[in-house]
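Structural description and commentary
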2 protein chains.
Amino acid sequence: MSSELSTKLGYQFVNPDWLKIALTHRSSGNDNNERLEFLGDSIVNFVIAEALFYQFPHAQEGDLSRWRATLINRETLGDLGRHFELGRYLFLGQGELKSGGNQRTSILSCAMEAIIGAIYLDGGFSAARDSILRWYEPLLSSLTKASSHKDSKTQLQEYLQSQRMALPLYQVESIEGEAHQQFFTVSCTVLGIAERALGQGTSRRRGEQDAAEKMLGILKK
Amino acid sequence: MSSELSTKLGYQFVNPDWLKIALTHRSSGNDNNERLEFLGDSIVNFVIAEALFYQFPHAQEGDLSRWRATLINRETLGDLGRHFELGRYLFLGQGELKSGGNQRTSILSCAMEAIIGAIYLDGGFSAARDSILRWYEPLLSSLTKASSHKDSKTQLQEYLQSQRMALPLYQVESIEGEAHQQFFTVSCTVLGIAERALGQGTSRRRGEQDAAEKMLGILKK
């Protein structure tokens, strides 16, 4: 049982007792997972904070905190627990077992944190970090994609805020063509930046997005 | 300036720019300490959690969480910042400076967290952990003393709870001597423990404390 779970987790315990304690809910016995959960919670918090810090070198503290909260909240950790089918391996008291405790999000998320604490005690910090980053890889990647799919105006605004610079000004410089087939040229200027970005598009909004993208290029070069 | 502060902190930066950023409040410029604060917060959280975990091997998760919250809250970190006279080294905008920002608890505590993040980036995890544990040594020691100065009945109760055992029963077995000079013998029994502890004292309460201390001895041997 426990070696089956170890394989899913991608970590083989030197001392499998740690895993057993991590899977033991307080309803089941004295040597339960509450202390390991306390330790594991602080480890996943740190590892995810560090990962976000490096993954988003221009993100502001507010965004980093928000993303971290999403990644390590009860629901996400509970989903991780379900992914590993922890419910099959938990040690629960009779009452909890009867009331479906082995599928309860709070119990699964605590067990996930306890497993992290257990890996740390068994294999040290890098073992715990490697495991967490492996499990979170899909979530961290999707965060990067979501972040890079932001439209250019939003990206520019966030970049300028992160640099404590003034917000950009957009101005329509010219409109060509007939009413149903217009072509917009829009400028984007930023206070303190001499160069002006010119964008073009078939609507004012598309022109602004194009100008924002070019201004980002100017700022980051 | 910065090497003076490094000496106080007990950590010499390979790259002193990290320290400078850690000391830069957002009111002062673009390269401010907010991202370092985000990182440092998660490091001190983990390091203190781990220290408490090892320092109190029998403490319950609830106590550990409570102690950690006390050790890493804004006030404690702000006091640490005052201890290092951070106010003298901070880079603040004019507005914050005029309104006494360099003594404000929130600014000092954020700067302390940012310094922890800076040490981590400059010297790695063990450098950050060593610094934190050195700074917190007096507070962690006083926690041990406070915890060990708890009266024996409280200690016994907490120990039994941590082991998910029944609470102790105290019973006066005999009272000897005259009214103004009585001598109490009190028994302490715990469900599931065959051995009974007998305590003695010049009051019922003292007899109970003595019995509790002896029961702790029985349980821990």
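Residues numbered from 1 in each chain as written. Chains lettered and ligands numbered in written order. Predicted model: local features only at pLDDT ≥ 70, side-chain atom pairs only at ≥ 80, totals over all residues.

**With respect to the environment of T24 of chain B**
Residues and elements named next belong to chain B. Along the polypeptide, T24 turns up in the loop between α2 (17-22) and α3 (34-55). Judged by local crowding, T24 falls into the buried class, with 22 C-beta atoms found within 10 Å. Beyond its immediate sequence surroundings of up to four residues, T24 is in contact with G29, D31, N32, N33 and F91. (Helix = DSSP H or I, 4+ residues; strand = E, 2+ residues; numbered from the N terminus. Buried ≥ 20, exposed ≤ 12 C-beta atoms within 10 Å, placed from the backbone. Contact = placed C-beta atoms within 7 Å.)

**Side note on the interface of chain B and chain A**
Counting from both sides, the interface comprises 20 residues of chain B and, opposite them, 19 residues of chain A. Broken down by secondary-structure element, the contributors of at least two residues to the side of chain B that touches chain A are α3 and α4 (61-72) of chain B. By residue number, the principal contributor to the side of chain B that touches chain A is α3 of chain B, which donates 12 residues.

**Considering the nonpolar core**
Counting residues in hydrophobic clusters, the biggest one holds 96 residues, and the most contacted among them are A111 of chain A together with A111 of chain B. Not counting the four nearest positions on each side in its chain, A111 of chain B is found in contact with A22, L23, N33, G81, L86 and L90 of chain B. (Core = buried A, V, L, I, M, F, W, Y, C linked by C-beta atoms within 7 Å.)

**Observations concerning the relation of the copies chain B and chain A**
Two chain copies, one operation linking them: a rotation about an axis together with a shift along it. Once turned by 180° and shifted 0.1 Å along the axis, chain B lies on chain A with an RMSD of 0.1 Å. Expressed as an axis order, the relation between the two copies is that of a two-fold axis. Across chain B, the smallest distance between a C-alpha and the rotation axis is recorded for F46 of chain B, namely 3.3 Å. The overlap is high: 95% of the interface residues of chain B also sit at the interface in chain A, so the same surface is used on both sides. (Least-squares fit on C-alpha atoms with pLDDT ≥ 70 in both.)

**Observations concerning the domain arrangement of chain A**
For chain A, the assigned domains read domain 1 (2-148) and domain 2 (152-220). When each unit is reduced to the centre of its C-alpha atoms, the spacing between domain 1 of chain A and domain 2 of chain A is 43 Å. (Domains from an automatic or database assignment.)

**Points about helix α7 (residues 105-123) of chain B**
Look at α7 of chain B: 27 Å from first C-alpha to last across 19 residues, which is about the 27 Å you get at 1.5 Å a residue. Across the 19 residues that make up α7 of chain B, a large majority, 15, are buried. (Expected span 1.5 Å × (residues − 1).)

**Side note on unusual backbone geometry**
Residue and element names in this part refer to chain B. A positive phi angle, close to 50°, is found at E85, a residue other than glycine. Look at R164: it is not a glycine, yet its phi comes out positive at around 55°. Tracing the backbone through its elements, the reader meets R164 in the loop between α9 (152-162) and β1 (169-176). We classify R164 as partly exposed; it has 14 C-beta atoms within 10 Å.

**Quick look at the sheet that holds β1 of chain B**
Residues and elements named next belong to chain B. Ordered in space as β1-β2-β3, the three strands form an open sheet in which the pairing is antiparallel. Of all the strands in the sheet, the pair left with one neighbour each is β1 and β3 (197-201). Sheet twist, expressed as the mean angle between neighbouring strand axes with direction ignored, is 25°. One ladder, built from seven bridges, connects β1 with strand β2 (residues 183-189); its direction is antiparallel. Bridging across to β2, L169 finds its partner in T189. In the packing of helix α10 (residues 204-220) onto the sheet, the strands contacted are β1, β2 and β3, and the crossing angle to β3 comes to about 145°. (Pairing = 2+ DSSP bridges. Axes fitted to C-alpha atoms, helices over the stretch in contact; angles between N-to-C directions.)

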